[in-house]
Amino acid sequence: MPAQLAALLQNETEVWASLQDDPSTADDCKDPSFVDALNRFRSDSRMVRAICALLDRSKARGGSLRPRPGLAARRAVAQQIFAHLPGVMGEIIRNKDWAATPLGPPETWPHTLLTSIEICLCSSFPMALHWSRELFIFYNDGYIPLFGARHPTGLGLSSKENWAEIYDIIGPAFLKVFDTGEPTYSQDEHLAMTRHGFTEETYFTWSFGLIRMDDGSPGGILNPAIETTSRVLSGRRLNLLQELASKVSTTQTVAEACESTAELFKTNHHDIPFGMIYLLEGKGRRGVYNLQLNGVHGLTRGHDAAPEAIEVTMQTHNGWSSGSSGSEGSASSASSGTRSGSGSGSSGSGSGASDSDQPVRSSRGRVPGLASLTTNTCSSVWPVHEVLMKKQGVEIEDLLTKFGGLPSGPWEEPPQLAAALPIATSSSSEHDEILGVLILGVNSHLLFDADYKVFFELLARQLATTIVTARSYEHERKRAEALAQVDHAKTQFFSNVSHELRTPLTLILGPIEDCLADPEHVLSSEHRAQLSVVSRNAQRLLKLVNSLLDFSRIEANRVQACFEPVDLPSLTADLASMFRATVEKAGLKLTVDAPPLARDVFVDKGMYEKIVFNLLSNAFKFTLHGSITVSVRHITNGDSKSDVVELAVADSGVGIPDDELGRVFERFHRVEGAQGRSYEGTGIGLALTLELVKLHGGTISVTSREGMGTTFTVQLPMGFAHLPPELVSLKKSKEEPLRLGAGTASAFVHEAQRWTPQTSEGDERDNTTTPDSPDDELSRILVADDNADMRQYLVDLFKQHKQYQIIVVCDGLQALQAALSRPPHLILSDVMMPHMDGFSLIQNLRKHPSTMHIPVVLLSARAGDEAKVEGLQAGADDYLAKPFSAKELLARVRTHLELGRMRQQLERQVLDRTRELQQSERKFRLLSELSPVGICQTDEQGMLIYANDRLLEMLDMTLVEALGSGWTCAMHRDDASVVQQWMHQTRAKGSFSKEVKFVRPDGSIVYTLLQTKPFAAESGNQFVAALVDITERKTLERERLEAMQQAEAEQRKRAQDAEQHQRQQELFVDTICHEIRNPLNGIVNNADLLTTGLLQLQNIIAEKKPDMQADINKQISLHQEAIDSIVVCAKHQQVITNDVLYLSKLESGLVQLNIVPFRPRSSVEGVIRMFDAEMAAKGIQVKTEFPDNDEPLWVRSDPNRLSQIMINLVSNAIKFTSNSAEKRITVSMTALPDPPSVSGERILTLQFSVQDTGIGMSDQDQTLLFQRFSQATRSTHQYGGSGLGLFISKDLVELMGGSIYAQSKLGEGAKFVFTIKAEQTTPVESESAPSAAHLLHASVASGSAPSNTSLGDSAGSKSKRILIVEDNVVNQKVLRRHLENAGYQCTVAENGQVAVTLLSGEESPPRYHFDFVFMDMEMPVMGGVKATRLIREREVRLGISPIPVVGLSGNARQTHITEAMDAGMNQFIIKPYQKDDMLQVIQRLTAGMAPTKEEAEDPPYDSH
């Protein structure tokens, strides 16, 4: 109370009001602090004396005076509390006009409110105060990021208004606290806030606590809160990455990996509303790549946003340089549709950063952070070409406009932003292999910040790793298959073919044919039948050998062909007729449609016979029912050169599968499982047919539908122009009738006849042979072979023994049916048979109890241990390779019959016992399937019953320790509920799989993959579990992630070092150029002063001492020559400095084109006019050649760059032509139109040439022309130069889309030719001419000085004052002398600070008045840029007219020029400057003429 009274004494009026209402007490008056306060004011205020008197009277009366705090008192208290409020919010609260708010001025606030505000703002924890039931809000600095865009306008407003979008959630909590006084708490609660102009997904942990007034009534609510959005988002994203690493990384095919990844995206559809995985499927035609959709989430295949394939056209030039998607053109270079770059940006969503640190949204759900790029939205659904070119992520905006509504996941608002990321083998290397593109939708309720981008990048990297692993599996599998195919082909080839077979075959066939045809020797029917079998099979073998030898001759190009005119329809009909009897005997219909042709066809008869017979034989072999049609017809396309004759052989057979159509003409290839009349064949017939057709210059194709038939079509060109002339015979040979016994026909027809039943007199007449003995005493033998001769041979062999009954069938299917109907005692079967081969026959026999024990002996032409092992592994009891011994076969048959009987007896005994062990066998079979991993068996409660050694070793436990619940106790606490999970899921789905961690006794953690299956036992349901140790894989994944992060950090460090190195290099070049140009400026301008002084001296002597004029003039001439030499050397040094600086800009990538409309002819003529005076002085003639066209040519390009190139070439020509006998320079220009572009632009190729009659160049000189710092050989050093002019010209030409080259011979001059690309345009009113900067460079490059026109002493120059701001004493003096000689008054300031001081003063007009300022850029104390900025600020402040300021500097980099112009300079001049240029600038600027754009922004050529 005394302290309050002391404060009240500061306002006398309020004190009086308090004393009148409530007199003070005597005890209060005794308080020392109160008495001290009275004493301090006693001598200064009569009001205080009155207070003391009243207090004394009150003390005498024993009364109690209690002053009422008035407005001023409360205001003082509020101000005292406000003064100590910390931070940004403290400043805002102090400065806010509270009287204009519903809360009123602070002096009216309750003391509880003031104290609560102080508590809130003094806390570093995010906290808000909601006052009264209107919930007026106060908050501290930590709460600012949570408040978002409402800060600071929401301060003091009602929370009902500030949090309107979530008030339905937090409002009841407010009311509950006010009504009950009980605090509330919520953790990670989802609140859909609108803090940044969009509905944002946020999560908060917060609490409400009641603040009571002094009287105990509710006053407000204190609200500590922390945003947990970042933690919640990171948790669910990490879960998805872990699922991808554990479930998808084990896939073994790319398709499976992509589908599994897309399926897992569904588990986090909050962050990934939709997604597509596109993989590169290989390169098609030149520059065209196909991206195939391999996985999709959230969309259906075929949706506008999820096409099945995207075609990408890329043009490569030193890497990806341009690209387009789809089929409607390439991408443009500037649009707002996409943004590309790597994942970097602001802090994650929901971080506690200040509002200024938050990402700025440029579109719903995205933040700028990636360099802006553009795509033509009509060219592709997605800008995948940018991803492939830049190998960086691309953001795609405005999805709602492009696709309408897209899947939004759990949100109501569809996404408007997506990201396309490269699926690359690593993070960011120029040599990475791009596997495809991953397109992911972005949550419309989140900012697409750095954390979001990193999440997407990690998804892309994980997917890339999985795809690479899957492709490795696929590659190894395909490689193994390819090697197997090659080995199989070689084995077949070398097993069945030999050139040496023809001789023994000839010796076999000759005697046999003689015996069969000799009428003097009568053979028995049995012997004749046997010899016929030998003859037929020898003919078949000879046919095979001939085919193989035909192949070898074709490959060796040793085919002896004779192409002669043939009546092809007649020949074809005759050839087909050879098969008619065989075809019709098989129940098929043969149709020949061969109408006569207008002219003969040139073919080789022998080859054509093989073509027709191979096709007919193939059709007959694979046609079991229906018909075969042979047709020949003439096909014309209106062009005699494309007339062909077509041979077609169509059948209604079994057809060819679609996946086999592409391989039917491969050598030795046979369609597996094809059902035909026989399985015999080598797979070379159609391959040979293809080669024979090619020799005729024709083509062969096949069409087929499985189960419907096949058509082979051969097309042969008419005439003989396509045939080798030496093999063509125009004479038609004598036609002889075909005979069945004739060579080729006989082999094909006889082979086909063996595929039909009862084909000859010696074949089997019945499929069963039955001796006279009773059936019970005979051993039944079932013979299955598709070769009729082999079947008959086996029948005859066993017929000699009376104890066998033979049953004969043609293929494996018939054998199975016969065995099932009446089981034989033994089966003799071929391996290769139609319908069902020998291996399939064994498998089917073993499935039936009645046939599973029948002995099977395989007979096959496949010899060798591998074939024998394969047959025995297939289940055969024995395996005999053809040819075999009859005695050996009979012996083996007898043995297997005996073993078969014994086996049947044993099998009956074992069968009963087998049934008892079946249940036990099933249980342990499951265990064996999961071995060698850790295996265990548990009961329904998860109690361990059995565990193998691997599991115990994995857990480092004994069996006793693991039994029961011991093994589950070793599970990590994170996996404590795994047992219940697997029981529930196994019962529901039949299996369970999850990664589980176990803790060993030593504390180490073992990562395992747990898989379980149910098992039904007599004691109840049980589980079989397998555990795979994946600890090493987890460790490798962690190490790989750490290595990847370390590599990224190292790469960023290298990039920063490279950038720092470049900045240092630029600074070094700038410093060197500045330090060279300053003395050059002094040299050139002092030389000019010397020249002026000598001329003045000469005039004085001529006037004063005419008798000495001749001697003096001679001496002056000698001195002038020395001065001229100094000027030439200085300007030569200037050219070198300019070239070096320009080279630095080229290497830094800072050179850009300024595209404007202009006339190229005007630019060329302007350059030539620059050199008119010099060429006239040196006697050089110049000739120009331009296109003859009445209409002037206008283009869009950079005229300054074109002039710069021409200046270099023309000055070069002048330099090397000066001493030639014939001095002539020819400059020409031509324009050639390019092909029309897709965008409709009219692009021209402009070609320029500069030809001289100078000294020329040798071949060695020409190789060095365009290299930097190259001056060819020593013979050209006398002409000087930096060696950079042609190098810079070459870079400029290439920058403008063209090329440059030179043609020259030593002593015959040189010709330089270059081209540029330009867009043709319409004429404009004013054209761009070369800038003054380039004119200056032309004078420097050629060694001539600008004209010395006197611009001084003009009217009014003596009245103008010029301020020279220059720290270099030499440059001060020389510029001052030049200007004073011209009649100007000059003042010198040695730095910017002195200049500002001279111009300072607030009076108007100022103390020192100047009409012009020359301002050096680099000076001590204060530089020119800062000084100019201060001068301009002063002019604005005083409202006076600006003084022209021209910058002077030896630095010519564009950044320096831009900085100077931005500071307010009117123009920028590069040292060394010319006197006349300076005087022109003064006259123009003081006369109020603004500099041209080129003069202001385009200083001398090195700055470009």
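Only a predicted model underlies this, so the values are computations on that prediction, with no experimental measurement involved.

What counts, and where the lines are drawn
- Residues numbered from 1 in each chain as written.
- Predicted model: local features only at pLDDT ≥ 70, side-chain atom pairs only at ≥ 80, totals over all residues.
- Heavy atoms only, no water.
- Helix = DSSP H or I, 4+ residues; strand = E, 2+ residues; numbered from the N terminus.
- Buried < 20%, exposed > 50% of the residue type's maximum accessible area, 1.4 Å probe, protein only.
- Contact = heavy atoms within 4.5 Å.
- Areas by Shrake-Rupley, 256 points an atom, 1.4 Å probe, with all protein chains shown as cover.
- Polar contact = N/O pair within 3.5 Å; in protein donor to acceptor, adjacent residues only side chain to side chain.
- Axes fitted to C-alpha atoms, helices over the stretch in contact; angles between N-to-C directions.
- Parallel < 35°, antiparallel > 145°, perpendicular 65-115°, else oblique.
- Left-handed = near helix turned anticlockwise from the far one by under 90°.
- Nonpolar A, V, L, I, M, F, W, Y, C, P; charged D, E, K, R; others polar.
- Expected span 1.5 Å × (residues − 1).
- Pairing = 2+ DSSP bridges.
- Phe/Tyr/Trp six-rings, centres within 6.5 Å; stacked < 30°, edge-to-face > 60°.
- Lys NZ or Arg CZ within 6 Å of the ring centre and 35° of its normal.
- Salt bridge = Lys/Arg side-chain N within 4 Å of Asp/Glu carboxyl O.

**Brief notes about the overall build of the protein chain**
Looking only at helices and strands, the protein chain features 45 helices and 44 strands. The proportion of buried residues among the 1504 residues of the protein chain is 46%. Excluding contacts between residues fewer than 6 apart, the proportion of contacts in the protein chain whose partners are at least 24 apart in sequence is 68%. Counting only carbon and sulfur atoms, one obtains 52% of the accessible surface of the protein chain, whose full area is about 73800 Å².

**Examining the side chain of Arg195**
The topology assignment puts Arg195 in the loop between strand 3 (184-193) and strand 4 (200-212). Within polar-contact distance, the side chain of Arg195 engages the backbone oxygen of Leu146 at 3.4 Å. Those residues in contact with Arg195, other than ones at most four positions away along the chain, are Pro145, Leu146, Phe147, Gly148, Ala149, Arg150, Trp163, Glu200, Thr202, Phe204 and Glu227.

**Here's the deal with the packing of helix 34 (residues 1160-1170) against helix 36 (residues 1199-1217)**
In the contact formed by helix 34 and helix 36, the axes pass within 9 Å of each other and the chain directions differ by 40 degrees. One element, helix 34, and the other, helix 36, form an angle in the oblique class. Crossing of helix 34 over helix 36 shows right-handed handedness. Counting all contacts with helix 34, which are made through Pro1160, Ser1163, Val1164, Val1167 and Met1170, the residues of helix 36 involved are Pro1199, Leu1202, Ser1203, Met1206, Ile1207 and Val1210. Residues of the contact of helix 34 with helix 36, tallied by class, amount to 9 nonpolar, 2 polar and no charged.

**Remarks on helix 12 (residues 229-248)**
The end-to-end C-alpha separation of helix 12 is 28 Å, in line with the 28 Å expected for 20 residues at 1.5 Å each. Every buried residue of helix 12 is listed here: Thr229, Leu233, Arg236, Arg237, Leu240, Leu241, Leu244, Ala245, Ser246 and Val248.

**Digging into the environment of Thr1486**
Among the secondary structure elements, Thr1486 is positioned in helix 44 (residues 1475-1486). In this structure Thr1486 comes out as partly exposed when scored by relative accessible area, which is 29%. With 74 residues separating them in the primary sequence, Thr1486 and Phe1412 have C-alpha atoms 7.2 Å apart. Excluding residues within four positions of it along the chain, Thr1486 makes contact with Lys1360, Asp1411 and Phe1412. One polar contact links the side chain of Thr1486 to the main-chain carbonyl oxygen of Ile1482, over a distance of 2.5 Å.

**Quick word on the pairing of strand 12 (residues 393-396)**
Neither face of strand 12 is exposed, since Gly393 and Glu395 on one face and Val394 and Ile396 on the opposite face are all buried. As judged from the 3 bridges shared by strand 12 and strand 13 (residues 418-424), these two strands associate in the antiparallel manner. If you follow Glu395 over to strand 13, its bridge partner there is Ala419.

**Some points on the packing of aromatic side chains**
Enumeration according to the criterion identifies 25 aromatic pairs in this entry. The interplanar angle of 35 degrees and the centroid separation of 5.4 Å between the aromatic rings of Trp98 and Phe138 together place this pair among those described as tilted. Residue Trp98 is located in the loop between helix 7 (87-95) and helix 8 (111-121), and its partner Phe138 is located in strand 2 (residues 136-139); the two are separated by 40 residues in the primary sequence. For the pair shown, Trp98 and Phe138 are each scored as buried. Relative to Phe456, the ring of Phe455 lies with its centre 5.8 Å away and its plane at 40 degrees, an arrangement referred to as tilted. You'll find Phe455 and Phe456 in the same group, each marked buried. Taken together through their ring pairs, the aromatic side chains of Phe82, Trp98, Trp109 and Phe138 make up a single cluster. Between the NZ or CZ atom of Lys96 and the centre of the ring of Trp98, over which it lies, the distance is 5.7 Å. Taking NZ or CZ as reference, Arg237 lies 4.4 Å from the ring centre of Tyr452, over its face.

**Things to note about helix 44**
For helix 44, with 12 residues, the first-to-last C-alpha span of 17 Å sits near the 16 Å given by 1.5 Å per residue. Those residues of helix 44 that sit buried are Lys1475, Asp1476, Met1478, Leu1479, Val1481, Ile1482, Arg1484 and Leu1485. Gly1488 sits one or two residues past helix 44 and shows a positive phi near 90 degrees.

**A few points about the packing of helix 19 (residues 568-585) against helix 20 (residues 605-621)**
Contact geometry of helix 19 with helix 20 gives a least axis separation of 10 Å together with a crossing angle of 35 degrees. In the crossing of helix 19 with helix 20, the sense of the turn from one axis to the other is right-handed. The residues of helix 20 that touch helix 19, namely those facing Leu568, Leu571, Thr572, Leu575, Ala576, Met578, Phe579, Thr582 and Val583, are Lys605, Tyr608, Glu609, Val612, Phe613, Leu616, Ser617 and Phe620. For the contact of helix 19 with helix 20, the per-class residue count stands at 12 nonpolar, 3 polar and 2 charged.

**Digging into the pattern of salt bridges**
Applying the stated criterion to the full structure yields 42 salt bridges. Taking the shortest distance from any N to any O, the salt bridge between Asp271 and Arg236 comes out at 2.8 Å. Here Asp271 is found in the loop between helix 13 (254-265) and strand 6 (275-283), whereas its partner Arg236 is found in helix 12, with 35 residues between them in sequence. For Glu666, the salt bridge identified is with Arg663, shortest N-O distance 3.1 Å. Classification of Arg663 as partly exposed rests on a relative accessible area of 27%. Connected via shared salt-bridge partners are Glu201, Arg236, Arg237 and Asp271.

**Things to note about unusual backbone geometry**
With omega at 0 degrees, the peptide bond leading from His151 into Pro152 counts as cis. Note on placement: Pro152 falls in the loop between helix 9 (144-147) and helix 10 (159-162). Backbone geometry at Ser132 places phi at a positive 65 degrees, although glycine is not the residue there. In this structure, Ser132 sits in the loop between strand 1 (127-131) and strand 2. The residue Asp398 is not glycine, and still its phi comes out positive at about 55 degrees.

**Regarding the sheet that holds strand 18 (residues 627-635)**
Across the sheet, 5 strands lie side by side as 16-18-19-21-20; this open sheet has mixed pairing. Because the sheet does not close on itself, it has two edges, and the strands there are strand 16 (589-593) and strand 20 (699-705). Across the sheet, the axes of successive neighbouring strands diverge by a mean angle of 10 degrees, strand direction being ignored. Pairing of strand 18 with strand 19 (residues 644-651), which is carried by 8 bridges, proceeds in the antiparallel orientation. In the strand pairing of strand 19, Thr629 is matched with Ala650. Against the sheet, helix 20 contacts strand 16, strand 18, strand 19, strand 20 and strand 21 (709-717), and its axis sits at roughly 25 degrees relative to strand 19.

**As for the sheet that holds strand 3**
Reading across the sheet, the 5 strands line up as 2-1-5-4-3 and stay open at both edges, with antiparallel pairing between neighbours. Edge positions in the sheet fall to strand 2 and strand 3, since each has one partner strand and no second. Strand-to-strand twist across the sheet, computed as the mean angle between neighbouring axes with direction ignored, equals 30 degrees. In this structure, strand 1 lies alongside strand 5 (residues 218-227), joined through 5 bridges in antiparallel fashion. Looking at strand 5, one finds that His130 is bridged to Ile221. Helix 11 (residues 167-180) contacts strand 1, strand 3, strand 4 and strand 5 of the sheet and is inclined by roughly 15 degrees relative to strand 4. Along the sheet face, helix 12 touches strand 3, strand 4 and strand 5 and points at about 140 degrees away from the line of strand 4.

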